[in-house]
Amino acid sequence: MRVKNRLLCWTTMGGLVATLLLFQSALPVQASPGSEVFQGFTQHISEQISKDKQAFAEADRCTGWFYKQMGQKPPPVAQAEKIHFVPISQSDSDSDCAKQYPNGLEEAREAFGRTQQRLSFSLTFFQMALVSDGDDDHAYNTQEMQDVLGAFDRTYQSGQSVDQYVSQLTGLFERYRPKLEFPVLMAGMQTLMDKGYRLTKADQTFLNQELG
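As the structure is a prediction and not an experimental result, all values here were calculated from the model.

Attention shifts here to the overall build of the protein. Of the regular secondary structure elements, the protein holds 8 helices and 0 strands. In sequence order, the secondary structure elements of the protein are arranged as α-α-α-α-α-α-α-α. For the protein, with 212 residues in total, the buried portion stands at 38%. When contacts within the protein are restricted to residue pairs at least 6 apart in sequence, long-range pairs at least 24 apart make up 81% of them. Entry remark: accessible area of the protein is about 13000 Å², with carbon and sulfur atoms responsible for 54%.

Okay, structure coming up:
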């Protein structure tokens, strides 16, 4: 009887272990901290890119609308610095541009240039974030974290949480974005290039998705 009870016990325990293993295998694979940092960083920039694209498209639409009211054709759209972006086509519907830009064409043109520069900066920073992922695995390892922070004179500290690393990286973007500090951004990019980082085909594909 004791032997039978032991066998029953072991059989029950074995069934529980098998069930636990099956349950664990069915759970979604959790992203590593490196991939979570990369995703948090690029998603933050991507959200700003969406806002910049909307603002740029609106300024472009209104600039075109003012030219149309004057019976003129707008000049060719200048290529955004370092980044090519095709603005949304102008609307033929009634426009509120006169209210949005009470000073007329010149004000709309100023907004066009300003929003174009902001979009260009965000896209270039996004490009830098992709380039600093040297092996294109959509994750930052320790060396990549050291390099991208070092490119902006920041020190990598081990043992931080994912949120702390993401905050440190997004803080760079938010620090330099208000004044559109292209020289600092391009110097950081050059530092990465000097260490062998490159814009790969995979990076370009990812970047093109932001442009779309």
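So, next bit.
Scanning all chains against the criterion turns up 12 aromatic pairs. Look at Phe121 and Phe125: their rings are 5.9 Å apart centre to centre, the planes differ by 45°, and that puts the pair in the tilted class. Separated by 4 residues within a single helix, Phe121 and Phe125 lie in helix 4 (residues 105–131), roughly one turn from each other. Across the pair, Phe125 and Phe121 agree in class, each one buried. Taking 5.9 Å as the distance between ring centres and 20° as the angle between the ring planes, the aromatic pair formed by Phe125 and Phe152 counts as stacked. In this pair, Phe125 is assigned in helix 4 and Phe152 in the loop between helix 5 (142–150) and helix 6 (162–176), connecting sequence segments 27 residues apart.

This prediction gives the protein a mean pLDDT of 82; 75% of its residues lie at or above 70. The model gives residues 88–94 a pLDDT under 50, and that stretch makes 8 contacts with residues more than four places away or in other chains.

What follows is about the side chain of Arg177. Examined against the element boundaries, Arg177 turns out to sit in the loop between helix 6 and helix 7 (182–194). Of the residues examined, Arg177 reaches a relative accessible area of 18% and is grouped as buried. Those residues within four positions of Arg177 in sequence are excluded, and the remaining contacts are Gln48, Arg118, Phe121 and Ser122.

A word on helix 8 (residues 201–211). Those residues of helix 8 that sit buried are Asp203, Phe206, Leu207 and Glu210. The arc enclosing the buried residues of helix 8, seen along the axis, measures out at 100°, which places them on a common side. Seen from the open side of helix 8, the exposed residues pointing more than 90 degrees away from its buried face are Lys201 and Gln209.

Let's shift gears to the pattern of salt bridges. Close approach of charged atoms allows side chains with opposite charge to pair. In the structure shown here, the tally under the stated rule is 5 salt bridges. Between Asp147 and Lys195 there is a salt bridge; the shortest N-O distance is 3.2 Å. Within this pair, whereas Asp147 is found in helix 5, its partner Lys195 is found in the loop between helix 7 and helix 8, the two being separated by 48 residues in sequence. A relative accessible area of 8% means that Asp147 is categorised as buried. Note on Lys195: relative accessible area 49%, which makes it partly exposed.

This brings us to empty space enclosed by the protein. Going through the model one piece at a time under the given rule, you end up with 1 cavity of 30 Å³ or more. The wall of the largest cavity is formed by Phe38, Leu130, Asp133, Asp136, His138, Ala202, Asp203 and Phe206. Ranked by residues supplied to the lining of the largest cavity, first place goes to helix 8 with 3 residues. Considered class by class, the residues forming the lining of the largest cavity number 4 nonpolar, 1 polar and 3 charged.

All right, on to the packing of helix 4 against helix 6 then. Where helix 4 meets helix 6, the closest approach of the two axes is 11 Å, and the angle between their N-to-C directions is 155°. Of the possible angle classes, the one that applies to helix 4 and helix 6 is roughly antiparallel. Handedness of the crossing formed by helix 4 with helix 6: right-handed. Along the contact surface, helix 4 presents Phe121, Ser122 and Phe125, while helix 6 presents Leu172, Phe173 and Tyr176. Residues that form the contact of helix 4 with helix 6 fall into these classes: 5 nonpolar, 1 polar and no charged.

Turning our attention to unusual backbone geometry. For Asp136, which is not glycine, the phi dihedral falls at a positive 55°. Positionally, Asp136 belongs in the loop between helix 4 and helix 5.

Rules and cut-offs
Residues numbered from 1 in each chain as written. Predicted model: local features only at pLDDT ≥ 70, side-chain atom pairs only at ≥ 80, totals over all residues. Heavy atoms only, no water. Helix = DSSP H or I, 4+ residues; strand = E, 2+ residues; numbered from the N terminus. Buried < 20%, exposed > 50% of the residue type's maximum accessible area, 1.4 Å probe, protein only. Contact = heavy atoms within 4.5 Å. Areas by Shrake-Rupley, 256 points an atom, 1.4 Å probe, with all protein chains shown as cover. Phe/Tyr/Trp six-rings, centres within 6.5 Å; stacked < 30°, edge-to-face > 60°. pLDDT = per-residue confidence, 0-100. Arc of directions from axis to C-beta. Salt bridge = Lys/Arg side-chain N within 4 Å of Asp/Glu carboxyl O. 1 Å grid on protein atoms, 1.4 Å probe; cavity = no way out; pocket = protein on both sides within 12 Å on 5 of 7 lines; lining within 4 Å. Points joined across faces, edges and corners; volume = space filled by probe spheres on them. Nonpolar A, V, L, I, M, F, W, Y, C, P; charged D, E, K, R; others polar. Axes fitted to C-alpha atoms, helices over the stretch in contact; angles between N-to-C directions. Parallel < 35°, antiparallel > 145°, perpendicular 65-115°, else oblique. Left-handed = near helix turned anticlockwise from the far one by under 90°.

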